[in-house]
Amino acid sequence: MGSEAPRLPVLNFSTGTLKPGTRSWLLACKDVLHALEEYGCFVAVYDKVSSELDNTTFCQLEELFDLPTETKVKNTSDKPYFGYIGQHPLIPLHESMGIEDATTLKGVESFTNIMWPAGNDHFCETVLSYSKLVSELEQMVKKMVFESYDAEKYYDSHIQSTTYLLRLIKYRGPQKNETCIGTSCHTDKSFITVLHQNEVCGLEIRTKDGEWISFKPSPSSYVVMAGDALLAWSNGRIHSPEHRVIMNGNKARYSIGLFAYHRGIIEIPEELADEEHPLQFKPFNHYGLLHFYFTNKAGQAESTAKAYCGV
Ligand SMILES: O=C(O)CCC(=O)C(=O)O
Ligand SMILES: [Fe+2]
């Protein structure tokens, strides 16, 4: 006893079972909050993305990464880590691109037109449908968190200011004598991240006790993870877990991350601070936190959020 490998909590978000106000919703709220406070993440079983859309999305991803590098590098952004990353000496297995405002036609269309100047409606429609459906999962989780902390009155305005970055990632298998690191250990700067991937394992999440849990993927599994912005918003109650990707074998791993960001300032709800839980964070600009992360000062800090906006 006690020697079993730790596992991520698995929660059922399949269609039809969860409606706000019902008993199953309230029970799910408890499970979500417990998972986010203890692990900073959980596996959501979610069936709104049909297996057909799932397959098509990963096929489109392969086509995208097969484009010439000189096309892919045209994916740029004024925000760090939002554009093309590839052939990086520290993470040579990793290649990724970012679609800003990925739940809007404008956002996905503008990315598509850069990659395929003659247009690619199939890519555009597939990715937009995927982003919209997965953002519904993110919003459901967010609603549960806001409700559980008696902060639901802030939910609507928070949603209005939410914008999604969709990162499309490909990891190739390591060659002999090459590093196995696909993505080095980090915490996300998002509010919430939803990760989904093909069948090739590699994602590992660190528990508060420092143990690494390997995620076992399946087509209907989505890893819902808290980022540093949610840690700060929750006044330190929610954990933002360290995670990394370690590659083995020679099959390519494709993964898709939907990162929820907040335009403008995030305030810590007064409902989350009291005598027992003194206010730990000042109001902060979410993109400011992201930019700060890529400065030297942040590199030395144990917690990016504490260093950026700690009281
Ligand atoms: O590929 C993955 O599953 C994780 C990627 C990741 O952690 C990130 O992009 O922040
Ligand atoms: Fe991450």
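See the structure above.
Here is what the cut-offs are and how they apply
Numbering of residues begins from 1 in every chain and follows the order in which that chain's sequence is written. Chain letters start at A and ligand numbers start at 1, both assigned in the order the entries are written. Two thresholds apply to this predicted model, a pLDDT of at least 70 for residue-level local features and 80 or more for giving and counting side-chain atom pairs, whereas whole-chain, interface and lining totals are computed over all residues. Side-chain measures were taken over the full set of non-hydrogen atoms in the model, leaving aside hydrogen atoms and water. Strands were regarded as paired on the criterion that DSSP finds at least two bridges between them. Secondary structure elements follow DSSP: runs of H or I no shorter than four residues count as helices, runs of E no shorter than two count as strands, and numbering proceeds from the N terminus. To get an axis, a line is fitted to the C-alpha atoms, and for a helix only the part in contact is used. The angle between two axes follows their N-to-C directions and goes from 0 to 180 degrees. Any nitrogen, oxygen or sulfur atom within 2.8 Å of a metal ion counts as a donor, with the limit raised to 3.2 Å for Na, K and Ca, and since water is left out, coordination shells can look unfinished. Only protein chains enter the area calculation, which uses a 1.4 Å probe; residues under 20% of their type maximum are buried, those over 50% are exposed, and those in between are partly exposed. Only heavy atoms enter the contact rule, under which two residues are in contact if any of them lie within 4.5 Å. Definition used for salt bridges: Asp or Glu carboxyl oxygen within 4 Å of a side-chain nitrogen of Lys or Arg. Here, nonpolar core refers to any group of buried Ala, Val, Leu, Ile, Met, Phe, Trp, Tyr and Cys residues whose side-chain atoms link them within 4.5 Å.

## A closer look at the sheet that holds strand 11 (residues 243-246)
Backbone hydrogen bonds hold the strands of a sheet together, and the pairing may be parallel or antiparallel.
Piece 1. Taken in spatial order, the 4 strands line up as 6-11-8-9 in an open sheet, and their pairing is antiparallel. The open sheet has two edge strands, strand 6 (181-186) and strand 9 (212-214), and neither has a second partner. The average angle at which neighbouring strand axes cross in this sheet is 25°, direction not considered.
Piece 2. With 3 bridges connecting them, strand 8 (residues 203-206) and strand 9 associate as antiparallel partners. Opposite Arg206, over in strand 9, you have Trp212 as the bridge partner.

## Re the coordination of the iron ion (ligand 2)
Piece 1. Summarising the metal site, the iron ion (ligand 2) is bound by the protein donors His186 (NE2), Asp188 (OD) and His243 (NE2), whose distances to it range over 2.0 to 2.1 Å.
Piece 2. When its relative accessible area of 17% is taken as the criterion, His186 is described as buried.

## Notes on the sheet that holds strand 5 (residues 162-171)
Piece 1. Here we have 8 strands laid out as an open sheet, ordered 1-2-10-7-12-5-4-3, and mixed in their pairing. With partners counted over all chains shown, the strands left at the sheet margins are strand 1 (10-12) and strand 3 (85-86), one partner each.
Piece 2. Pairing of strand 1 with strand 2 (residues 41-45) involves 3 bridges; the strand directions are parallel. Directly across from Asn12, in strand 2, lies its bridge partner Val45.
Piece 3. The sheet strands contacting helix 5 (residues 121-148) are strand 2, strand 4 (94-100), strand 5, strand 7 (192-197), strand 10 (221-226) and strand 12 (253-262), and the helix crosses strand 5 at an angle near 120°.

## Topic: the pattern of salt bridges
Piece 1. Counted according to the given criterion, the structure contains 12 salt bridges.
Piece 2. Arg263 serves as the salt-bridge partner of Asp101, at 3.9 Å between the closest nitrogen and oxygen. With Asp101 in the loop between strand 4 and helix 4 (105-115) and Arg263 in the loop between strand 12 and strand 13 (265-266), this pair connects stretches of sequence that are 162 residues apart.
Piece 3. On the basis of relative accessibility, which here comes to 45%, the residue Arg263 falls in the partly exposed class.
Piece 4. Put simply, Glu138 and Lys142 hold a salt bridge, and the shortest N to O gap is 3.0 Å. Here Glu138 pairs with Lys142, and both are found in helix 5, just 4 residues apart, close to one helical turn.
Piece 5. A cluster of three or more residues bridged by salt bridges with shared partners is formed by Asp78, Lys79 and Glu100.

## Points about the nonpolar core
Piece 1. Counting residues in hydrophobic clusters, the biggest one holds 72 residues, and the most contacted among them are Phe13, Phe42, Val141, Val145 and Trp233.
Piece 2. Ranked by residue count, the leading element in this core is helix 5, at 13 residues.
Piece 3. For Phe13, the residues in contact, after removing those within four places along its chain, are Leu18, Val32, Phe42, Ala44, Val45, Tyr46, Leu137, Met140, Val141 and Met144.

## Describing unusual backbone geometry
Piece 1. If you check the backbone angles, Asp101 has positive phi at about 55° while not being a glycine.
Piece 2. Unlike most non-glycine residues, Asn235 shows phi in positive territory, near 55°.

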